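# Examining the three-dimensional arrangement
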Amino acid sequence: LQQTAAAFTQTVALFCGRLQWHGLEALILSFQQRLTLGVRQELVPLMQIPGMDCVVARQLYEQGFTTPVGIAGARSAEILRVLRRTLPHGAPSGALPAENADRLIE
């Protein structure tokens, strides 16, 4: 259903573009991106990072990492601390190696 809705918004955006309703086209395209990614607007920039999922993106956002540039400029230890918060309850911290934070920063 999510993919169907995203595809439909693309069709409506094309229709608006052909009619030169550029304001409405831009609005619909912003919804199309959110539907494709399955997140709220504030998480869209973080979801552009390869391998990002919505749980990690939400946790990063809540800890003040709101853009890919902000993540790239962070220390590995800071990112690792946030990533470890996404582990299931009772999972050991070591279950998430430091290399995961390094990959996200790159």
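The following refers to the structure shown. What you see is a predicted model; the values in this text were computed from it and never measured.

## Concerning the overall build of the protein
For the protein, the helix and strand inventory stands at seven helices and zero strands. Shown N-terminal to C-terminal, the secondary structure of the protein runs as helices and strands in the order α-α-α-α-α-α-α. For 106 residues, the compact-globule estimate of 2.2 N^0.38 gives 13 Å, and the C-alpha radius of gyration of the protein, at 17 Å, exceeds that figure by more than 25%. Summarising its shape, the C-alpha atoms of the protein cover approximately 55 × 30 × 20 Å along the three principal directions. Contacts in the protein between residues at least 24 apart in sequence constitute 28% of all its contacts with a sequence separation of at least 6. Summed over its atoms, the accessible surface of the protein is roughly 6900 Å², and 58% of this surface lies on carbon and sulfur atoms.

## Observations concerning the packing of aromatic side chains
Taken as a whole, this structure holds one aromatic pair when the rule is applied. Seen in terms of ring centroids, Phe 15 and Trp 21 are 6.1 Å apart; in terms of plane orientation they differ by 90°. Their pairing is edge-to-face. Its relative accessible area of 45% is what places Trp 21 among the partly exposed residues.

## Brief notes about the packing of helix α6 (residues 76-84) against helix α7 (residues 98-105)
One can describe the packing of α6 onto α7 by two numbers: an axis separation of 8 Å at closest approach and a directional angle of 110°. Between α6 and α7, the angle is such that the two are roughly perpendicular. Judged by the sense of rotation from one axis to the other, the crossing of α6 with α7 is right-handed. Residues Ser 76, Ile 79, Leu 80 and Leu 83 of α6 touch α7, and the partners they reach there are Ala 98, Asn 100, Ala 101, Asp 102, Leu 104 and Ile 105.

## Things to note about the environment of Phe 8
With respect to the helices and strands, Phe 8 occurs in helix α1 (residues 2-18). Measuring from C-alpha to C-alpha, the distance between Phe 8 and Gly 23 comes to 18 Å, with 15 residues separating the pair along the chain.

## Overview of α7
Every buried residue of α7 is accounted for by Ala 101, Leu 104 and Ile 105. All buried residues of α7 lie within an arc of 100° about the axis, which places them on one face of the element. Next to the buried residues of α7 lie α4 (54-62), α5 (68-72) and α6.

## Regarding unusual backbone geometry
Comment: phi is negative for the bulk of residues other than glycine, and the bulk of peptide bonds are trans. Positive phi, normally seen in glycine, also occurs at Gln 20, with a value near 60°. Note on placement: Gln 20 falls in the loop between α1 and α2 (22-37).

## Some remarks on the nonpolar core
Formed by 21 residues in total, the largest nonpolar core has its most connected members in Met 52, Leu 60, Ile 71, Ile 79 and Leu 104. Breaking this core down by element, the ones donating at least two residues are α3 (44-47), α4, α6 and α7. Take this core: its biggest share by element is four residues, from α6.

The rules we used
Residues numbered from 1 in each chain as written. Predicted model: local features only at pLDDT ≥ 70, side-chain atom pairs only at ≥ 80, totals over all residues. Heavy atoms only, no water. Helix = DSSP H or I, 4+ residues; strand = E, 2+ residues; numbered from the N terminus. Rg over C-alpha atoms; globule rule 2.2 N^0.38 Å. Contact = heavy atoms within 4.5 Å. Areas by Shrake-Rupley, 256 points an atom, 1.4 Å probe, with all protein chains shown as cover. Phe/Tyr/Trp six-rings, centres within 6.5 Å; stacked < 30°, edge-to-face > 60°. Buried < 20%, exposed > 50% of the residue type's maximum accessible area, 1.4 Å probe, protein only. Axes fitted to C-alpha atoms, helices over the stretch in contact; angles between N-to-C directions. Parallel < 35°, antiparallel > 145°, perpendicular 65-115°, else oblique. Left-handed = near helix turned anticlockwise from the far one by under 90°. Arc of directions from axis to C-beta. Core = buried A, V, L, I, M, F, W, Y, C linked by side-chain atoms within 4.5 Å.

Everything listed here is a matter of geometry and, on its own, says nothing about what the molecule does.
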